[in-house]
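In case you want the letters, here they are:
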Amino acid sequence: MSDRPIITLTTDFGEGSRYVAAMKGVILSTDRQATVVDVSHSIPPQDIAHAARTLAEMVRWFPAETIHVVVVDPGVGSDREIFYAEFPDCRVVCPNNGLLTNLADRENPRKMVAIENPAYWLPRVAPTFHGRDIMAPVAAHLSQGLLPDLLGTPRTELVRLTPHAASACVTTGKEQGVGQKIEGEVVEVDSFGNLITNITRDMLADCPGDTSVTVRCDEHETVGIFTTYADQPPMTLVALIGSSDLLELAIVDDSAKIMLGVGAGAPVAVAW
Amino acid sequence: MSDRPIITLTTDFGEGSRYVAAMKGVILSTDRQATVVDVSHSIPPQDIAHAARTLAEMVRWFPAETIHVVVVDPGVGSDREIFYAEFPDCRVVCPNNGLLTNLADRENPRKMVAIENPAYWLPRVAPTFHGRDIMAPVAAHLSQGLLPDLLGTPRTELVRLTPHAASACVTTGKEQGVGQKIEGEVVEVDSFGNLITNITRDMLADCPGDTSVTVRCDEHETVGIFTTYADQPPMTLVALIGSSDLLELAIVDDSAKIMLGVGAGAPVAVAW
Amino acid sequence: MSDRPIITLTTDFGEGSRYVAAMKGVILSTDRQATVVDVSHSIPPQDIAHAARTLAEMVRWFPAETIHVVVVDPGVGSDREIFYAEFPDCRVVCPNNGLLTNLADRENPRKMVAIENPAYWLPRVAPTFHGRDIMAPVAAHLSQGLLPDLLGTPRTELVRLTPHAASACVTTGKEQGVGQKIEGEVVEVDSFGNLITNITRDMLADCPGDTSVTVRCDEHETVGIFTTYADQPPMTLVALIGSSDLLELAIVDDSAKIMLGVGAGAPVAVAW
């Protein structure tokens, strides 16, 4: 019966990359009893913002003691630090390069430590692969119960990405009854071609959801915010709040990405 | 020593999808001792027939008590039901949308239950992701030994896809000595470009296999049914019964898909 | 607490292939306690040299008792043998078709056995999938402690690929002070578009690394060999010794593959 916290891996190495396998080998060499779960290795290369969103979305589905290792590290070998960060619902080992932005936007870390003590690293560290030589063995030691304070020096300052959440709710002439408008963008396209936006369920708390609401994506428009794809007939453009609590646009039984010809970065506006 | 039945995952989410990781997180949050094995996340989006074939092919390689979770679910959020189905050689949790067709063609399920009891689901169920919020935790509970009868109401009716097996063996003028003909199609292309058909070893039981047999695929023709690729020289079109007991067409040491320019749906005929 | 050696899988089946899942099912059917780790299923189809390099690179990151199963097997069904080979730092089960070349270049195997005893195979062996029907169950038995000598007959001869290491260090007129030149080629492109060559750290032991060194790749040239990407500004072509101890060429913060328009096979020369 394993009582180890799970270790997850999120990287931009690509599915089937042997760099991922090397990390797993190092973890299992350090701790044969480790349980390693792949979150994704399909983060677009060096896309810290994408990984930061993925991390914040994923942690809620894992036990709180899970150790999430995130290696999207364009600054590897520079003086950027590697952090251990502890949140109420997860623990993370990653470069301090903005990857923790979305998690920290939600809740402050209760502990941060700069990973500096080579006692828990591989004996030889390649300057271009700290994921394998530093983060993997550190995660394995943490999973075995190592006290995080032994990893290095406490830290309080976090590198944060500039805000990439939806622009705040813009009230235009509410007093005159003109209504509200929220502007955001498509941040991700899933395997079905659904367009995931950065407009959250919370931002839409006051939105009636009925046909008085207009949702625009690029040049395309639809009315109403529905509950599920099956609420509308095939080939219809539908807006709904998806399983990650984000507004998404979908073509029922088809790909919105292909049918609308839009992708990440496309502007999205909700008005009512 | 784990004595849990294995849980497998088959979806159309794409390799590296964080939706898959969320399902694993939910399973491991419910049961830290679960063993999860990926079958494939490369089912073409919403292709129930493809997933049904994959499922029927895969289960034989796993222990009979294994719980196979299949999430190809275009009707998520509609009134389609989610089933627990028990066969002599496997157990399955999936939407009742045709995914069990090929398994049930082979052998009747000995038990079917509609999954209705929210006690074994996540507390909050997103209308667009029952794989994560219902099927994953149910599989984890089953793996821990939950009695399937507690999941909901017994069912006897299964949604089935219209037949997509090879058309039955067409005997044309056997009395006049004209011989037999079997017509089917390419249903899958593997990573080597081999063309996998829906003509089974059983259908070919009376086929002599020698050069009196003609195999046609689209406009291309070859004679004889061989045992393995190495039976013929490089760059030759060869027909053989593959490792899934299905007739396949291959170009020795090359890609039949590219060389013949055909893919899924191409007509295949065997005549002797 | 599992005390089994890990089993790794390396194939050319493609990520998400159900052939991989079948192998995992067979391993876990033979030994429920097995731990299976994917190295890569993205080996280019039938590319034995690529797999041989990957294997030699990967084993060092895993515990020495690990059993690496490698299925890149264009000769499946021919009279090529399947080997169990034991090296000081790993154990391998694979076809004897050259896959062990790079491992054996480094160090002689201390034991080789032809896998001939069907007692440890699946009862029925498909002539086109020995990975599933022979190698997978053999690996599971070995992981459980089976003595390798029971698998078949001892062997001493290994099939080797023709040398594909960098051409040896060519000294041109060193006496006249003209310097040294090493010629190799790009053997792999990683997910970042970095060009990995077959020129090793050892070959460069005498190379000063400073601006007196010229590195040429196809028509492109750069000077100096750096330690990490961060040593040079964005969009610069940089040569460095990567995390696998191989010379690589990278464009800082971009893809050398795309920016230079070169891939595997491109000639690389280092001169000083």
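Starting afresh in each chain, residues are numbered from 1 along the sequence in its written order. Naming scheme: in the order in which they are written, chains are lettered from A and ligands are numbered from 1. Residues qualify for local features only when their pLDDT is at least 70, as the model is predicted, and side-chain atom pairs are given and counted only at 80 or more; totals for whole chains, interfaces and linings, by contrast, use all residues. Working from all heavy atoms in the structure, the side-chain values ignore hydrogens and water.

1. Re the interface of chain A and chain B
For this analysis, residues touch if any pair of their heavy atoms sits within 4.5 Å. Taken residue by residue, the interface counts 34 residues in chain A and 33 residues in chain B. Carbon and sulfur atoms make up 55% of the area that chain A and chain B hide from each other, which totals about 2,700 Å². What makes a salt bridge here is a side-chain nitrogen of Lys or Arg within 4 Å of a carboxyl oxygen of Asp or Glu, nothing more. For the pair chain A and chain B, the interface holds three salt bridges. The salt bridge involving Arg18(B) is made with Glu188(A); its shortest N-O contact spans 3.2 Å. What counts as a helix is a DSSP run of H or I of at least four residues, what counts as a strand is a run of E of at least two, and both are numbered from the N terminus. Residue assignment for the side of chain A that touches chain B shows that the elements contributing at least two residues are β2 (36–40) and α2 (48–58) of chain A. Summed over both partners, the accessible surface that disappears when two parts come together, traced with a 1.4 Å probe, is what is meant by buried area.

2. Quick look at the interface of chain C and chain B
Many structure descriptions define interface size as the accessible area lost when the parts assemble. Each partner contributes residues to the interface: chain C has 33 residues there, and chain B has 34 residues. Here chain C and chain B share an interface that buries about 2,700 Å² over both sides, 55% of which is from carbon and sulfur atoms. On the chain C side of the interface with chain B, the three residues burying the most area are Arg18(C), Arg32(C) and Thr128(C), jointly 26% of the side's total. Summed over the shared surface of chain C and chain B, the result is three salt bridges.

3. What about the packing of helix α1 (residues 18–30) of chain C against helix α4 (residues 130–143) of chain C?
To characterise two packed helices, one gives the angle between the axes of the helices and the distance between these axes. Residue and element names in this part refer to chain C. Axis definition: a line fit to C-alpha positions, over the contact stretch in the case of helices; interaxial angles, taken between N-to-C directions, run 0 to 180 degrees. The N-to-C vectors of α1 and α4 enclose an angle of 40°; their axes lie 8 Å apart at closest approach. On the basis of the axis angle, α1 is oblique to α4. Both α1 and α4 take part in a crossing whose hand is right-handed. Counting all contacts with α1, which are made through Ala 22, Met 23, Val 26, Ile 27 and Thr 30, the residues of α4 involved are Gly 131, Arg 132, Ala 136, Pro 137, Ala 140 and His 141. Each residue gets one label: Ala, Val, Leu, Ile, Met, Phe, Trp, Tyr, Cys and Pro are nonpolar, Asp, Glu, Lys and Arg are charged, and the others, such as Gly, are polar. Tallied by class, residues from the contact of α1 with α4 come to seven nonpolar, three polar and one charged. For this classification, under 35 degrees means roughly parallel, over 145 means roughly antiparallel, 65 to 115 means roughly perpendicular, and everything else is oblique. Left-handed describes a crossing in which the near helix is turned anticlockwise from the far one by less than a right angle; the clockwise case is right-handed.

4. As for helix α4 (residues 130–143) of chain B
Residue and element names in this part refer to chain B. Helix span, expected: 1.5 Å multiplied by one less than the number of residues in the helix. Between its first and last C-alpha, α4 extends 18 Å over 14 residues, near the 20 Å set by a 1.5 Å rise per residue. A bend of about 25° at Ala 136 is the largest found in α4, and the proline Pro 137 appears one to four places after it. Of the residues trailing α4, Gly 145 is marked for its positive phi of about 110°. A residue's bend is the angle separating two fitted axes: one through the seven residues that end there, the other through the seven that start there.

5. Points about the sheet that holds strand β3 (residues 67–71) of chain A
Where strands meet in a sheet, backbone hydrogen bonds hold them as pairs that are either parallel or antiparallel. Residue and element names in this part refer to chain A. Strand order in this open sheet of seven strands is β2-β1-β3-β5-β4-β6-β7, and the pairing throughout is mixed. The open sheet has two edge strands, β2 and β7 (152–154), and neither has a second partner. Adjacent strand axes in the sheet meet at a mean angle of 25°, parallel and antiparallel pairs treated alike. Across four bridges, the pairing between strand β4 (residues 82–87) and strand β6 (residues 111–115) is antiparallel. Each residue of the ladder has a partner; that of Glu 86, found in β6, is Lys 111. Sheet strands touched by helix α4 (residues 130–143): β1 (7–11), β3, β4, β5 (90–95) and β6. Its angle to β3, the strand with the most contacts, is close to 175°. Here, any two strands with at least 2 DSSP bridges between them count as paired.

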